Amino acid sequence: MSQYVHQRWGTESGFPQGPVYSIAQTKDGYLWIGTEKGLVRFDGLRFELMQSAASPQPALTHVLGLMADADGGLWARLRHPALTLFRYNGAVFQDVMNLFGRPQASVSAMTRGRDGAPLLWVLEGEPSAIVLRGNRFETLAAPANFSRSAVLALAQTADGDLWVATRDAGLFRLRNGNVSAITEGLPDLKVNALVPVGQNQLWVATDAGIVRWDGTKLTKAGVPSALNGVQSLAMTVDRDSNLWVGTNSRGLLRVNAKGVASLEEPNGGTNAAVTALFEDREGNLWIGSESGLDRLRDSAFVTYSLPEGLPTDGSNPVFVDSEHRVWFAPVAGGLWWMKDGQHGSVTNDALEKDVVYSIAGGKTGLWVGRQHGGLTHLRFDGGAIAAHTYTHADGLAQDSVYSVYETRDGTIWAGTLSGGVTRLSGGTLKTYTASDGLTSNTVNSILERSNETIWLATPDGLSELSNGHWRAHTSKDGLPSEDVNCLFEDGSGVLWVGTASGLAFQDSGRFQVPAAAPASLKEPIFGMAEDRYGSFWIATSNHVLRVSRDKLLHGGLADGDVREFGLADGLRGSEGVKRHWSVVADPAGQIWFSLNRGISVVDPGRLKNNSAPAIAHIQSVAADGTALDLQHAIQIPGGRQRITFSYTGLSLSVPERVRFRYWLEGFDHKWSEPVATREAVYTNLGPGPYRFKVIASNPDGVWSSQESSVAFAVEPLLWQTWWFRVSVVLGCMIFGLALYRLRLHQMSSRLNVRFEERLAERTRIAQELHDTLLQGFLSASMQVHVAADRLPEDSQVKPGLTRALQLMRQVIDEGRNAVRGLRSSSSASLNLEDAFLRIQQELVRPGSVGDRIEFRVVVDGTPRPLQPLLRDEVYRIGREAVINAFRHAKPKNIELEMKYSSSDLRVFVRDDGCGIDPHVLKSGRDGHWGLSGMRERATRIGGQLKVWSGDAAGTEIELSVPSHVAFKDHRNHTLAWVAEHFQRSRGHKREDRNGADK
């Protein structure tokens, strides 16, 4: 049982003008057509006329023969005298005969041997049969053993025999080097085509009919008489063992066990000659003729309607009984059946005058629900049919019976259009209506579940009858709509409900809509059935679907889990009809549909076994409209705004349904969503390497694991090169460094000016104090002293003068100390380290407690000259810290560390004494200004003072002064500072990485 979907391509469809001589398919999935105009490549949608890119090559026209070899190459035989045979390997056209040292030879026939090696009939002086093995030709037979008649075809049977068909000398067989002429039994000496079958059999087509080699002789046994006298030009045998014959005047013939069938002429109704036949890897039959290219595809569905002589265009119920008889009801009225190509009608009880709404059956016979005539029961006894009809007068709820169902125990349920539902059991009729608990008096569908509960679908919800109790289910229970059209229980006992708003199923007492259901499953659902492979077949208001049951039930529908069928699959319409039974499974596992344009049937097993994967190919890459050469490494100049990838998926059965996913490695993070477009565009890609990949799915939604890919690189523009970026970074660093040095120079200059001004002011004050105030006090003191010396010892005035002299001496000493403070310290002539070392000598007397304290000065780095004023301030801060440690900390060890670096000067004073009270550390001590004075001095010179102290942990005081403030030669150390910080940052990064590793 087969029907074929026919499609034709002519010049109006883009096919090059001219007759078709040969057809072949290479391993990459492309279909190749040899025509008068040249070699044509076809991907299912577009025809491409191929030409050799080599300028010395002649035009590739009049392609008489094509053959695909085992390596994926294509061999083409031409009529051209200078080039009779070439091989195309996907990139290069090769002159085969010239390549193997026989430039003068021509080829008149070729075929692919049983081991995949090319077999050729070569004309070079004397004709000979040769085979290409490895890189050399081998002669299979001496030329003298053959007739000089032109050879039209070659074939090799599975047993190794080579068969040679000639124009006027008949048929020859080459076996083990021996040649024998086979002419007895040939209808004509002109042999046009040969087709091997089995181990050693052969179909032979001549100008006067077809015969068969049965292994020992040519015979007409098993050849239908309808083939006698037929001029056959081409032959092939398909995967279903059908013999297809292309004739000169009778179009295309199919030969099988049922006889000879003349199919619709692929040339559109004329009797033009069929010159080429080929079956591709998907089972499509390709037919070449003088007017173009045709394809016959074995459709998934077989449809019955008016063209098959049946009085139906669908739109009514369908039912298959236990004897595989299909029952259907035409729209105009009546009840019909068909089986094994036969059909007929039932006229009992005036069924032919009434419209049938519903058909059901079981062990009690056939039950028919009618528009006006009630419920009719048909019983079959041999060839006789007995009928009995129940009407309203017999107790039926209503004579308009819309749905009929027979339960396992033989009980009949008849749902009406507006009168409720009637149960017929043991000859007794009982009616249930809305007053009994039915959700509506209109019953669309009835179902008995495996637990023997009865479910009724109505426009107002679902009604469940269990043990005499009614229960209603509505949208509150999860139904997508209360208008329920159909019911179905699958093999695992799950109840499925088809409503006006889509599909639902019952789970734990509630109804659920399948997760991530496609839009087609949210349409009105009119019918459901399940096949033996775990798939649902569903008819909606606009679609015919196959859906994976498990994926639908548990969520996670993926590509290929939902398949839509349409006209390309053999359907004449894809709109379901609203009837109680519009989708049913027959005992053989086939699924029957009643649709708007006929009754269709599909064999899921046949459909499942014919799914070949699609083969993806990247056909071209273009940058801003300029095509790039895919045969070499692709380098795309920088600045290109638009890069376009054109690709195809080789599935020739229904190429419109092929879907693609693509991934640009280096830009995308994952595969794209499935798309139907055959082009991907990327804009403004950055420089660097990329790889574009694409995969394809066949019309059944099955994704191929084979991907096609192309690597390319986008070259950087000038400002995108690494050396340009490094130069910019270095330039920015140098510019920043220059700004930094300029800023340091400005700050240092201002500080130096301030230091010099302060030093000059202090010097001036010290000079004035020394030259005026102190000198005046000294002079006055001397005068008073002279006066006191002249007074007698017992003078009453002398004690007062003595006291005045003491006060004046005290003021003079304080004034000298102030002047000393304004000038450089007494240790100015010493370096800072030596000055700090003398502090202990100044503070501690030999043999005292302080003499037992270990005091040391440590220098880290290379000492550098300090600003004079800043040196004194650093010295006084360090001195104050050391004095405090000696006087108050009660330490055993005191350490003063001076650290010279390119970025700053640091002075640390550490002791292991008793520490500083936290309150004193924070607020200071009344009447004592040591810490606060140190902080003030540090702030005044642009430095920072930090103090750490703890009980029994000692005290540490840190003074830090920036290098541009502290040192005279800070400019010479700026680059050293940059290098030091660079090394420090690298050290931090290494530490971070080590930390991360840990």
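Fair warning: this is a prediction, and the values are worked out from it, not measured in the lab. Sequence positions are assigned chain by chain, starting from 1 and proceeding in written order. This being a predicted model, a pLDDT of at least 70 is required before a residue's local features are given, and a value of 80 or more before pairs of side-chain atoms are given or counted; all residues contribute to the totals for chains, interfaces and linings. Only heavy atoms go into the side-chain values, all of them from the structure, while hydrogens and water stay out.

**Things to note about the overall build of the protein**
In step 1: Under the scheme used here, helices are H or I runs from DSSP no shorter than 4 residues and strands are E runs no shorter than 2 residues, and both carry numbers assigned from the N terminus. Counting secondary structure elements, the protein contains 12 helices and 69 strands.
In step 2: A compact globule built from 998 residues would reach a C-alpha radius of gyration of about 30 Å, whereas the protein, at 53 Å, exceeds it by more than 25%.
In step 3: Dimensions of the protein, computed from C-alpha atoms along their principal axes, come out at roughly 175 × 100 × 50 Å.
In step 4: Categorising residues by exposure relies on relative accessible area from a 1.4 Å probe, with only protein chains included: less than 20% of the type maximum marks a residue as buried, more than 50% marks it as exposed, and the intermediate range marks it as partly exposed. Counting over 998 residues, the protein shows a buried share of 49%.
In step 5: We call two residues in contact when some of their heavy atoms are within 4.5 Å. Taking all contacts inside the protein whose residues are at least 6 apart in sequence as the whole, residues at least 24 apart take part in 52%. Within these notes, the globule rule equals 2.2 Å times the number of residues to the 0.38 power, and the radius of gyration is based on C-alpha atoms.

**A short note on the pairing of strand E46 (residues 484-489)**
In step 1: With six of six residues buried, E46 lies mostly within the body of the structure.
In step 2: The criterion for strand pairing is that DSSP finds at least two bridges linking the strands in question. Sheet analysis places E46 next to strand E47 (residues 495-499), joined by five bridges and oriented antiparallel. Within E47, the position partnered with cysteine 486 by the bridge is glycine 498.
In step 3: Here E46 hands over to E47 after five residues, with glycine 493 in that stretch at a positive phi of 90°.

**Here's the deal with the pattern of salt bridges**
In step 1: Salt bridge, as used here: a side-chain nitrogen of Lys or Arg that lies within 4 Å of a carboxyl oxygen of Asp or Glu. This structure, assessed with the given rule, holds 35 salt bridges.
In step 2: Of the charged contacts in the structure, one is a salt bridge between aspartate 69 and arginine 87, with a shortest N-O distance of 2.9 Å. Placement of the pair is aspartate 69 in the loop between strand E6 (63-68) and strand E7 (74-78) and arginine 87 in strand E8 (residues 85-88), with a sequence separation of 18 residues. Both residues of the pair, aspartate 69 and arginine 87, belong to the buried class.
In step 3: Where salt bridges share partners, they join Arg856, Glu895, Glu897, Arg910 and Glu956 into one cluster.

**Details of the packing of helix H8 (residues 868-889) against helix H10 (residues 930-940)**
In step 1: Axis definition: a line fit to C-alpha positions, over the contact stretch in the case of helices; interaxial angles, taken between N-to-C directions, run 0 to 180 degrees. Across the interface, H8 lies against H10 with an axial gap of 10 Å and an inter-helix angle of 160°. Our classification of the angle between H8 and H10 gives roughly antiparallel. By crossing handedness, the relation of H8 to H10 is classed as left-handed. On H10, the residues that touch Glu873, Arg876, Ile877, Glu880, Ala881 and Asn884 of H8 are Gly930, Met934, Arg937, Ala938 and Arg940. Any angle that falls under 35 degrees is termed roughly parallel, while one over 145 is termed roughly antiparallel, one within 65 to 115 roughly perpendicular, and all others oblique. If you view the pair so one helix is near and one far, a crossing is left-handed when the near helix is turned anticlockwise from the far one by less than a right angle, and right-handed when it is turned clockwise.

**Some words on the pairing of strand E32 (residues 335-339)**
In step 1: As paired strands, strand E31 (residues 326-328) and E32 are joined by three bridges and run antiparallel to one another. Residue phenylalanine 328 lies in a different strand from E32, and its bridge partner there is tryptophan 336.
In step 2: The hairpin turn running from E31 into E32, its antiparallel successor, is six residues long, and glycine 333 in that turn takes a positive phi close to 125°.
In step 3: Both E32 and strand E33 (residues 342-346) contribute to a ladder of five bridges, which runs antiparallel. Following the sheet pairing, leucine 335 is matched in E33 by valine 346.
In step 4: The turn joining E32 and E33, which pair antiparallel and follow one another in sequence, is formed by two residues; a positive phi near 50° is taken by aspartate 340.

**Some thoughts on the sheet that holds strand E43 (residues 454-458)**
In step 1: If you trace the four strands from one edge of the open sheet to the other, you get E42-E43-E44-E45, paired in antiparallel fashion. In this open sheet, the two strands that pair with only one neighbour each are strand E42 (445-448) and strand E45 (469-473). On average, each strand axis in the sheet is tilted by 20° relative to the strand beside it, whichever way the strands run.
In step 2: Where strand E44 (residues 461-466) meets E45, five bridges bridge the pair, whose relative direction is antiparallel. If you follow leucine 462 over to E45, its bridge partner there is histidine 473.

**So, the nonpolar core**
In step 1: Side-chain atoms within 4.5 Å link the members of a nonpolar core, which is a set of buried Ala, Val, Leu, Ile, Met, Phe, Trp, Tyr and Cys residues. Judged by nonpolar contacts, the single largest core of 44 residues is most densely connected at Leu375, Leu462 and Trp592.
In step 2: For this core, the leading source of residues is E43, giving four residues.
In step 3: When near neighbours in sequence (up to four residues on either side) are disregarded, tryptophan 592 contacts Tyr304, Val318, Val320, Val326, Met338, Ser582, Val583, Val584, Asp586, Ile599, Ser600 and Val601.
In step 4: If you look at the next biggest cluster of nonpolar residues, it comprises 38 residues, including Ala835, Met898, Leu905 and Leu945.

**Thoughts on the confidence of the model for the protein**
The predicted coordinates should not be examined in detail at positions where pLDDT is low.
In step 1: Residue-level confidence of the predictor, termed pLDDT, takes values from 0 up to 100. A residue-level look at the protein finds 90% of positions with pLDDT of 70 or above and a mean pLDDT of 85.
In step 2: Within the model, pLDDT remains below 50 along residues 825-829, and this stretch shows seven contacts once partners closer than five positions in the same chain are excluded.
In step 3: In the predicted structure, residues 974-998 sits below a pLDDT of 50 and forms 13 contacts with residues beyond four places in sequence or in another chain.

**Here we look at H10**
In step 1: Among the residues making up H10, those that are buried are Gly930, Leu931, Met934 and Ala938. For H10, the angular spread of buried residues about the axis comes to 95°, placing them on one side. Facing away from the buried side of H10, by more than 90 degrees, are the exposed residues Glu936 and Thr939.
In step 2: One or two positions beyond H10, positive phi appears at glycine 942, with a value near 80°. What the arc covers is the set of directions going from the helix axis to the C-beta atoms.

**A word on the packing of aromatic side chains**
In step 1: Working definition: rings of Phe, Tyr and Trp (its six-membered ring) pair if their centres are within 6.5 Å, and the pair is stacked with planes under 30 degrees apart, edge-to-face with planes over 60 apart, and tilted otherwise. Counted according to the given criterion, the structure contains 43 aromatic pairs.
In step 2: Between tryptophan 496 and phenylalanine 505, the aromatic rings sit 5.2 Å apart at their centres with planes inclined by 45°, giving tilted as the arrangement. Grouping residues by exposure puts tryptophan 496 and phenylalanine 505 together as buried.
In step 3: Each ring, one from tryptophan 663 and one from tryptophan 671, has its centre 5.6 Å from the other, and the planes form 70°; the classification is edge-to-face.
In step 4: With relative accessibility at 24%, the residue tryptophan 671 sits in the partly exposed group.
In step 5: Taken together, Phe645, Tyr647, Phe660, Tyr662, Phe667, Tyr682, Tyr690, Phe692 and Phe712 form an aromatic cluster joined through their ring pairs.

**A look at unusual backbone geometry**
In step 1: Unusually for a residue other than glycine, histidine 324 sits at a positive phi of about 65°.
In step 2: Its place among the elements puts histidine 324 in the loop between strand E30 (318-320) and E31.
In step 3: The residue asparagine 467 is not glycine, and still its phi comes out positive at about 55°.
In step 4: The residue asparagine 467 is located in the loop between E44 and E45 in this model.
In step 5: Judged by its relative accessible area of 76%, asparagine 467 is exposed.

**So, the sheet that holds strand E35 (residues 365-370)**
In step 1: Spatially, E34-E35-E36-E37 is the arrangement adopted by the four strands of the open sheet, whose pairing is antiparallel. Bordering the open sheet on either side are strand E34 (356-362) and strand E37 (384-390), each of which pairs with just one other strand. Taking the axes of each pair of neighbouring strands and ignoring which way they run, one obtains an average angle of 20° across the sheet.
In step 2: Bridge count for E34 against E35 is six bridges, and the pairing is antiparallel. If you follow isoleucine 359 over to E35, its bridge partner there is valine 368.

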